[in-house]
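The chain contents come next:
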Amino acid sequence: MNKLSTLFVGIFITFVSAWLGLVVIPYIQLGGLKPEKDEITGALMPPALSGSAQRGRLVYAANGCVYCHSQQVRGSARRLPEGEVPPDIARGWGARRTFPRDYLGERPHFLGTMRTGPDLANVGLRYTADWQHRHLYAPAAISRGSTMPPFRYLYKKQRIVGAGTPDALDFSLIPGVEPPEEGYEIVPTEQARDLVAYLLALRRSSYDLPEAAE
Amino acid sequence: MSPISAQQSALNPDADSLTPAQRMAERAAIDRSCRTPCLVFFGTSMFWLMLGTILAIIASTKLHTPEFMVSLPFFGDVGLLTFGRIRPAHLNTVIYGWASTAALGVCVWLMARLCRVQVMNTWILVTAGALWNLGVFVGMLGILLGWSTGVEWLEMPTQAAFILFTSYALMSVWAILMFANRKPGHIFVSQWYIFGALFWFPWLYGCVQILLLLQPVEGSVQGIINWWFAHNVLGLWFTPIGLATAYYLIPKVTGKPIHSYYLSILGFWSLALFYSWNGGHHLVNGPVPAWIISVSIVASAMMIIPVVTVAINHHLTMKGSFHLLKTSPTLRFVVFGAMSYTLASLQGISMAFRISNEVTHFTHYTIGHSHVGMYLFFTMMMFGAMYYIMPRLVGWEWPSARLIKIHFWCTAVGGVVMIIALAGGGIEQGLKLVNIWLKEAPTEANPSGTPYSFMEILAGTLPWLWVRTMSGILIFIGHVAFGINFVLMLLRRGERRLTPTLLGEKSSSPKLEAVTA
């Protein structure tokens, strides 16, 4: 190989073959995927996110939730015994595996590569907004043994006015964490509210997709 | 002297028709011409290496001690210290700041040496180097301040990516000019790899920037494209540069040509063909079409060809020269790196199959694997290259053999311990997560057995993660030793040596590493 042209053509062709295979063809195959419409109610599946949840997706991105939490319920490649479901489903992370259509409208995607924490594909079906706020503020107090970092910087302390803020943290439900001094409350910032709106919107098992019927 | 055949010149970096004196003079002139741009790249890469290692230790500690460094004095709790920002800051600092910057420096020097022309248009390189560092700085700051894009390996805000792309484009233009002016009839194996890498990386980077960030595609296709990119950064950018370095430096230090031309060709083309298809194996059992995963698994298995080919070729080149590992710092790091390449690749192949991937995916095992590739292979290879190149740029030998030894043993032992901790912890975590390793074995009353709860699995990883943090500290000590030696060398401290700094008392063949070799 002492000719630059031969070298270049080879380098070009090998790379383009994979580019076509892993970028262009998947795009052609899946790029036109549309949400499924429920015949009776006319609701879209997956449903579109609210504005707050959309902003929450950016909070999720900015604070790197994806490095510990995946959002995909996998099948299993093993031959499981009769009546046994894939481990992801057995752990309660979803009633069915997830499909490409489940991720429509997600920019960026949070498929994830790591499960230091549990999968979040359906976390909206498991916990309430109040629980999420308490857990984000003091993870180890809410779920014992958790190594999730505390997201106290997404909360602020303010003087109680009138009856107080409805979503202020209820410290009687956060064992071992010092409440703020008398007359003050800890409330979520806009970012925390958006993040929790996003987490509550993660409920992919709550609708059915035709491809899940196989 | 007889004319040099193309095949010969592809194998022997010293194949030319010059007298030794002429060759020495030519090389000295080339090395001098590399001095400014290479020092810009190497010097700044050292800074990112140190910062990246500190970020790594912080992130690693946070995984087992979540309250570690969550607040700053006076500011209280701040977002920029949260694990989810420190971790991508670490990754981007070491990938784009350390590894890529060092790789660009090595590229410049190898290109000049192998094209056998002095570096022209130094201003292009210096501008590219300055822009590259600016891009990494802006990007890292962006991640820490919460402007991450949230896409793994591409977290840097688009503004930073634009600066990086511009810098890289300048590098490519420079490389094309160098190739166009090269002395005829001499394309050494390393140049195939460099040529490939300099073409592949901008395409990869430009393509994902458009498809994932500027005009994002829909849904889980993003995952496929994301991993097509992230896997190819390793396979088509770092691997070719790492192998180009090994292909050049092993014959240089041992004084022997590469063992086989045909193995070199097979290794290069099979790498180009198969590696580029590997990305899909990051989504095994995931929400993407099964054919993509199958194709990627097949391509991953085929990687056995380039890996074994290159391993045999390097081994047979080294054969008879292994005693030099005792004395030559360059060879020790380079051979360590080359052996790790084989290990990393074989491990990668074993992780690509559906059955094994189900266990190792989503665990620390994968993180361990990426460190085998990026640290034990690529980073060690760059250390080896810097040990060889730096004295030729500065005109001063490494001041301290002891610091080199500390550097080698701390990084080698630290790296290996880290891999063992992450692999061991990852396998335990993975087997428990997929309910193969059960808390209570199946009985008649409880036919499927009792699986471990998620919290029990998490608790099981903690001792391994502590070991990993310790290994990180050891690695950091090694880097500090290297950094001290690097700075002392720039300051021309220590005794003036006429022969290279070697490890151990007996120097078997110092002339091979003499400054003009």
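Refer to the preceding data block for the structure.
Computed from a predicted model, the values in this text were never measured in an experiment.

A.B. asks: Hey, could you run me through the overall build of chain B in this one?
C.D. replies: Broken down by element type, chain B carries 15 helices and 2 strands. Rg of the C-alpha trace for chain B: 23 Å, near the compact-globule value of 24 Å for 517 residues, within the 12% margin. The C-alpha extent of chain B, read off along each of the three principal axes, is 85 × 55 × 50 Å. Counting over 517 residues, chain B shows a buried share of 64%. Long-range contacts, defined as pairs at least 24 residues apart, comprise 82% of the intrachain contacts of chain B with a sequence gap of at least 6. For chain B, the exposed area adds up to about 17,800 Å²; of that, 71% sits on carbon and sulfur atoms. A distance of 16 Å separates the average location of the 29 positive side-chain charges in chain B from that of its 18 negative side-chain charges.

A.B. asks: Help me understand the pattern of salt bridges, please; the structure alone is not making it clear to me.
C.D. replies: Pairs can form between side chains of opposite charge once their charged atoms are near each other. All names here are of chain A. Considering all chains together, one arrives at 20 salt bridges over all chains under this definition. Between Lys 157 and Glu 181 there is a salt bridge; the shortest N-O distance is 3.2 Å. Of this pair, Lys 157 sits in strand 3 (residues 155-159) while Glu 181 sits in the loop between strand 3 and strand 4 (184-188), and the two are 24 residues apart along the sequence. Relative accessible area serves as the criterion here: at 46%, Lys 157 is assigned to the partly exposed category. When its relative accessible area of 44% is taken as the criterion, Glu 181 is described as partly exposed.

A.B. asks: What should I look at first to understand the packing of aromatic side chains in this one?
C.D. replies: Any pair of aromatic rings gets described here by the distance separating the centres and the angle formed by the planes. Per the stated rule, a full pass over the model turns up 51 aromatic pairs over all chains. Residues Phe8(A) and Phe199(B) carry aromatic rings whose centres are separated by 5.2 Å and whose planes lie at 75° to one another, so their mutual orientation is edge-to-face. Here Phe199(B) lies in helix 6 (residues 189-214) and Phe8(A) lies in helix 1 (residues 4-30), a pairing that spans two chains. With a centroid separation of 3.6 Å and an interplanar angle of 10°, the aromatic rings of Tyr127(A) and Trp131(A) are classed as stacked. Take Tyr127(A): its relative accessible area is 33%, and that puts it in the partly exposed class. Through a chain of ring-to-ring contacts, the aromatic side chains of Tyr96(B), Trp132(B), Tyr168(B), Phe201(B), Tyr205(B), Phe229(B), Trp237(B), Phe238(B), Tyr341(B), Phe377(B) and Phe378(B) assemble into a single cluster. Between the NZ or CZ atom of Arg115(A) and the centre of the ring of Phe362(B), over which it lies, the distance is 4.0 Å.

A.B. asks: When you look at empty space enclosed by the protein in this model, what are you seeing that I'm missing?
C.D. replies: It is the rolling of a water-molecule-sized probe over the atoms that shows where space remains empty. Residues and elements named next belong to chain B. Under the definition given, this model contains 9 cavities of 30 Å³ or more. In this structure, the second largest cavity spans a volume of roughly 90 Å³. What lines the second largest cavity is a set of 13 residues, and nearest its centre among them are Pro 13, Glu 26, Arg 27, Arg 113 and Arg 116. Sorting the residues of the lining of the second largest cavity by element identifies helix 2 (20-64), helix 3 (83-115) and helix 7 (221-254) as the ones contributing at least two each. Take the lining of the second largest cavity: its biggest share by element is 4 residues, from helix 2. Split into classes, the residues belonging to the lining of the second largest cavity amount to 5 nonpolar, 1 polar and 7 charged.

A.B. asks: When you look at the side chain of Thr239(B) in this model, what are you seeing that I'm missing?
C.D. replies: Residue and element names in this part refer to chain B. One can find Thr 239 in helix 7. At a separation of 2.6 Å, a polar atom in the side chain of Thr 239 contacts the main-chain carbonyl oxygen of Leu 234. Apart from residues lying up to four places away in sequence, Thr 239 is in contact with Leu 234, Leu 271, Tyr 275, Tyr 341 and Phe 377.

A.B. asks: What is the right way to read the interface of chain A and chain B from this model?
C.D. replies: Quoted interface sizes are often the accessible area lost when the parts come together. Taken together, the contact between chain A and chain B spans 74 residues of the former and 93 residues of the latter. Taken together, the two surfaces of chain A and chain B that pack against each other cover about 7,400 Å², and 67% of this comes from carbon and sulfur. For the interface between chain A and chain B, the tally reads 4 salt bridges. Notably, a salt bridge pairs Arg78(A) with Glu358(B), separated by 3.5 Å at the nearest N-O pair. Applying the counting criterion to the chain A and chain B interface returns 25 residue pairs in polar contact (both at pLDDT 80 or more). Here the element with the most residues in the side of chain A that touches chain B is helix 1 of chain A; it accounts for 20 residues.

A.B. asks: Teacher, can you tell me more about helix 7 of chain B here?
C.D. replies: The α-helix advances 3.6 residues per turn, and as a result positions three or four apart in sequence lie on the same side. All names here are of chain B. Over its 34 residues, helix 7 runs 48 Å from end to end, which matches the ideal 50 Å to within 8%, given 1.5 Å per residue. For helix 7, the tally of buried residues reaches 34 of 34 residues, placing the bulk of the element in the interior. Downstream of helix 7 by a residue or two, Gly 255 has a phi angle that is positive, lying close to 75°.

A.B. asks: What is the right way to read the layout of surface pockets from this model?
C.D. replies: For the largest pocket, the calculated volume is near 680 Å³. In terms of lining residues, the largest pocket is bounded by 36 residues, among which His69(A), Gly117(A), Pro118(A), His135(A) and Met148(A) are the most central. Counting residues per element, the ones that place at least two in the lining of the largest pocket are helix 4 (129-137) and helix 6 (190-200) of chain A together with helix 2, helix 3 and helix 15 (454-490) of chain B. Counting residues per element, the lining of the largest pocket draws most heavily on helix 4 of chain A, which supplies 4 residues. Broken down by class, the residue content of the lining of the largest pocket amounts to 21 nonpolar, 12 polar and 3 charged. Taken as a whole, the second largest pocket spans an internal volume of roughly 470 Å³. Considering the residues around the second largest pocket, the lining is formed by 25 residues, among which Pro46(A), Pro47(A), Ala48(A), Leu49(A) and Leu104(A) are closest to the centre. Among the secondary structure elements, those contributing two or more residues to the lining of the second largest pocket are strand 2 (44-45) and helix 2 (51-62) of chain A. For the lining of the second largest pocket, the element with the highest residue contribution is helix 2 of chain A, accounting for 3 residues. By residue class, the composition of the lining of the second largest pocket is 15 nonpolar, 4 polar and 6 charged.

Cut-offs and rules
Residues numbered from 1 in each chain as written. Chains lettered and ligands numbered in written order. Predicted model: local features only at pLDDT ≥ 70, side-chain atom pairs only at ≥ 80, totals over all residues. Heavy atoms only, no water. Helix = DSSP H or I, 4+ residues; strand = E, 2+ residues; numbered from the N terminus. Rg over C-alpha atoms; globule rule 2.2 N^0.38 Å. Buried < 20%, exposed > 50% of the residue type's maximum accessible area, 1.4 Å probe, protein only. Contact = heavy atoms within 4.5 Å. Areas by Shrake-Rupley, 256 points an atom, 1.4 Å probe, with all protein chains shown as cover. Lys, Arg positive; Asp, Glu negative; His and termini not counted. Charge placed at Lys NZ, Arg CZ, Asp CG, Glu CD. Salt bridge = Lys/Arg side-chain N within 4 Å of Asp/Glu carboxyl O. Phe/Tyr/Trp six-rings, centres within 6.5 Å; stacked < 30°, edge-to-face > 60°. Lys NZ or Arg CZ within 6 Å of the ring centre and 35° of its normal. 1 Å grid on protein atoms, 1.4 Å probe; cavity = no way out; pocket = protein on both sides within 12 Å on 5 of 7 lines; lining within 4 Å. Points joined across faces, edges and corners; volume = space filled by probe spheres on them. Nonpolar A, V, L, I, M, F, W, Y, C, P; charged D, E, K, R; others polar. Polar contact = N/O pair within 3.5 Å; in protein donor to acceptor, adjacent residues only side chain to side chain. Buried area = accessible area lost by both parts, 1.4 Å probe. Expected span 1.5 Å × (residues − 1).

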